[in-house]
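# Chains, contacts and geometry: an overview
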Amino acid sequence: MKKIGTFILFFLLSLSVYANDIIDVAAKDTNEVISLNTSAYSNRLTNPEQTVEDATRALKLSVKLNYINGIAEAYRVIGIGKYYLDQPEKAIENYLNSLSYFTRNNNLRGEAKVYNNIGILFRDHDYERSLTYLNRSLEIAQKINDTKLVGSLYLNIGNVYTRKNNLYMALKFYDKSFPIFQKLRDSVNLIQCLQNRGVIYFKLKDYDKALGLLLEANAGAKARDLNESVASVDLTLAALYMTKGDFKNAEKMVQEGTAYTQLVKDPKLDYDYKYTTYELEYNKKNFARAVNLLREIYTQDSVTYKTNVSAQMNLVEAKRRQEEQLKENERIAERQAYDRSKFWAVTVVAGLMLVVIGLLISNVKRKAKTNAQLTLLNGEVSRQKDNLDRINHHLEEIIDERTKDLQLKNKKLSEHSSYLSHQIRGPIATLRGLINLEKEGLVDQAECLDMMDKCVSEIDEKIIEMSDMLHNPPRV
């Protein structure tokens, strides 16, 4: 029994060490997934292709580990990379995959982030749908008290209102997001907020304030190598300089912005720069150059329109497929939950059976121990009974001896009584008779006294003899 206990203890210790090793390896791998996703996300404004590459590596490792949150975040970051590469249909597909995994894992923060990303994706195609997703994300972010996400959502909702040309509403949301980014020291979103506020003031024709905000955003973006943001800010600055008639600075911004656009490989920005270049050439009265650019823009517009229509259809189709996938995932999750419940039920029953078996074994051992103790007690009782029997037998012998002794003494007492009656009563009777004779004067007084003295002496001798017989009985 001792050897079995030692073996079980050794097995449990070995299992514990092995489990700890597995946990350490898993923790190391999940940390690598988190690092890859974080790195990929940080590259979204400088190198979206690198974003997709790093997030894809994170996805493969997450699938290998069955790390659900890692899978969901990797899909989300891939979708962000595809968005910056102007591939909306691939972006929505990845976003919806991410959403299904976050929902499956009951990760509200992840769901809110994906709704935010989908809202941004619809921002240029469907304002109302974009606001629906963004407000859904905002509701969750406020519920879980995610301040950073709340700030980003204020910024994105402001962007939608900017596109709807509801400028004061847009500015309201930008002003709500700006102090949040200042408090969090979020330089990237601060730059984005400065740029967007600059755009609003430009549209409100407050050119000086717009120029100050845009130049501050431009300097900040360059300092942090945010190529996408630099290109976007330069585009607005070019439009602002053209409005003020400063074609030299406008051309400088177009050239710089075009270079940054080529770095980030954003087709939408490339198109916007072509249109801005057309406007610049037209304002400079370079009509031939302007016409050529207009032809390119028209051709690109046709392709873009077809692409947008196709993207819209693909978005709807991808959403339908994702809804079906979500339903399938729910069914799988229900089956898995049922399987888990069944597994735990079997485990609990097995555990209870082990407990019952343990109790039975313990009860049998207790009974065996009790029986052994009872056997010992029975033996002790038997020994005590034998001792009592011997004592009783001895007592009977003692009682017999005492009885015989008492009988002998009673006999002696009877003899002494008889002796007393015959030996002592005679002299007493004689003495009584002498007394009567003396009273009647029938005997001489001196003779009477002499005879009475003899009677008393005889009585005294008999008493001494009897006392000697009582105290010193003859030996038998």
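Residues numbered from 1 in each chain as written. Predicted model: local features only at pLDDT ≥ 70, side-chain atom pairs only at ≥ 80, totals over all residues. Heavy atoms only, no water.

## Considerations on the packing of helix H8 (residues 167-184) against helix H9 (residues 187-203)
Axis separation between H8 and H9 bottoms out at 10 Å; the angle between their running directions is 155°. Taken as axis vectors, H8 and H9 run roughly antiparallel relative to one another. Crossing of H8 against H9: the hand is left-handed. Listed contacts from H9 to Leu167, Ala170, Leu171, Tyr174, Asp175, Ser177, Phe178, Phe181 and Gln182 of H8 are Asn189, Leu190, Cys193, Leu194, Asn196, Arg197, Ile200, Tyr201 and Lys203. Here the contact of H8 with H9 is built from residues that sort into 11 nonpolar, four polar and three charged. (Axes fitted to C-alpha atoms, helices over the stretch in contact; angles between N-to-C directions. Helix = DSSP H or I, 4+ residues; strand = E, 2+ residues; numbered from the N terminus. Parallel < 35°, antiparallel > 145°, perpendicular 65-115°, else oblique. Left-handed = near helix turned anticlockwise from the far one by under 90°. Contact = heavy atoms within 4.5 Å. Nonpolar A, V, L, I, M, F, W, Y, C, P; charged D, E, K, R; others polar.)

## So, helix H12 (residues 247-264)
Every α-helix carries 3.6 residues per turn, so stepping three or four residues along brings you back to the same face. The end-to-end C-alpha separation of H12 is 25 Å, in line with the 26 Å expected for 18 residues at 1.5 Å each. Of the positions making up H12, those classed as buried are Ala250, Met253, Val254, Glu256, Gly257, Thr261 and Val264. Looking at the buried side of H12, the elements it contacts are helix H2 (48-65), helix H10 (207-223), helix H11 (227-243) and helix H13 (267-283). Lys265 sits one or two residues past H12 and shows a positive phi near 55°. (Expected span 1.5 Å × (residues − 1). Buried < 20%, exposed > 50% of the residue type's maximum accessible area, 1.4 Å probe, protein only.)

## Some remarks on the nonpolar core
Ranked by internal contacts, the top residues of the largest apolar core, which has 69 residues, are Tyr83, Tyr95, Ile118, Ile157 and Leu237. When residues of this core are assigned to their parent elements, the largest contribution, nine residues, is made by H11. Dropping the residues within four chain positions of it, Leu237 is found in contact with Leu211, Leu214, Leu215, Asn218 and Met253. Counting residues in each nonpolar core, the second largest holds 14 residues, with Leu36, Val52, Tyr75 and Ile78 among its members. (Core = buried A, V, L, I, M, F, W, Y, C linked by side-chain atoms within 4.5 Å.)

## A short note on the packing of helix H3 (residues 68-84) against helix H4 (residues 88-104)
Contact geometry for H3 and H4: axes closest at 8 Å, N-to-C directions at 160°. One way to sum up the angle between H3 and H4 is to call them roughly antiparallel. As H3 packs across H4, the resulting crossing turns out to be left-handed. Of H4, the residues touching H3 (which contributes Ile68, Asn69, Ile71, Ala72, Glu73, Tyr75, Arg76, Ile78, Gly79, Ile80, Lys82 and Tyr83) are Lys90, Ala91, Asn94, Tyr95, Asn97, Ser98, Tyr101, Phe102 and Arg104. Tallied by class, the residues present in the contact of H3 with H4 amount to 11 nonpolar, five polar and five charged.

## Structural notes on the UniProt feature "transmembrane region" (unreviewed entry) in the protein
Look at the UniProt record and you will see "transmembrane region" (unreviewed entry) annotated at residues 343-361. Structurally, residues 343-361 is divided into 100% helix and 0% strand, and its ends, taken at the C-alpha atoms, are 26 Å apart. (UniProt positions renumbered as here; feature names shortened; annotations may be inferred.)

## Overview of the packing of aromatic side chains
Each aromatic ring pair is characterised by the separation of its centres together with the angle its planes make. Following the criterion strictly, the structure yields nine aromatic pairs and no others. On the basis of an interplanar angle of 5° and a centroid distance of 5.8 Å, the ring pair of Phe122 and Tyr133 is categorised as stacked. Placement of Phe122 in the loop between helix H5 (108-121) and helix H6 (127-143) and of Tyr133 in helix H6 is noted, with a sequence separation of 11 residues between them. Among the aromatic residues, ring-to-ring pairing joins Tyr115, Phe122 and Tyr133 into one connected group. Lying across the ring of Tyr41, Arg44 places its NZ or CZ 3.9 Å from the centre. (Phe/Tyr/Trp six-rings, centres within 6.5 Å; stacked < 30°, edge-to-face > 60°. Lys NZ or Arg CZ within 6 Å of the ring centre and 35° of its normal.)

## Topic: the environment of Arg136
In this structure, Arg136 sits in helix H6. Expressed as a C-alpha distance, the spacing of Arg136 and Gly119, which sit 17 residues apart in the sequence, is 9.3 Å.

## A look at a nonpolar patch on the surface
Together, Val349, Met353, Leu354, Ile357 and Ile361 make up an exposed nonpolar region whose accessible area comes to about 490 Å². Relative to the assigned elements, Val349 resides in helix H14 (residues 287-440). (Patch = residues over 30% accessible without salt bridge, like charges linked within 9 Å, V, L, I, M, F, W, Y side chains within 5 Å. Areas by Shrake-Rupley, 256 points an atom, 1.4 Å probe, with all protein chains shown as cover. Salt bridge = Lys/Arg side-chain N within 4 Å of Asp/Glu carboxyl O.)

## Notes on H5
Compared with the 20 Å implied by 1.5 Å per residue over 14 residues, the 20 Å span of H5 between its first and last C-alpha is a close match. With 11 of 14 residues buried, H5 is to be regarded as a mostly interior element. Listing the buried residues of H5 in full gives Gly110, Glu111, Ala112, Val114, Tyr115, Asn116, Asn117, Ile118, Gly119, Ile120 and Leu121. Structurally, the start of H5 carries an N-cap: the backbone nitrogen of Arg109 is 3.3 Å from a side-chain oxygen of Asn107. (Polar contact = N/O pair within 3.5 Å; in protein donor to acceptor, adjacent residues only side chain to side chain.)

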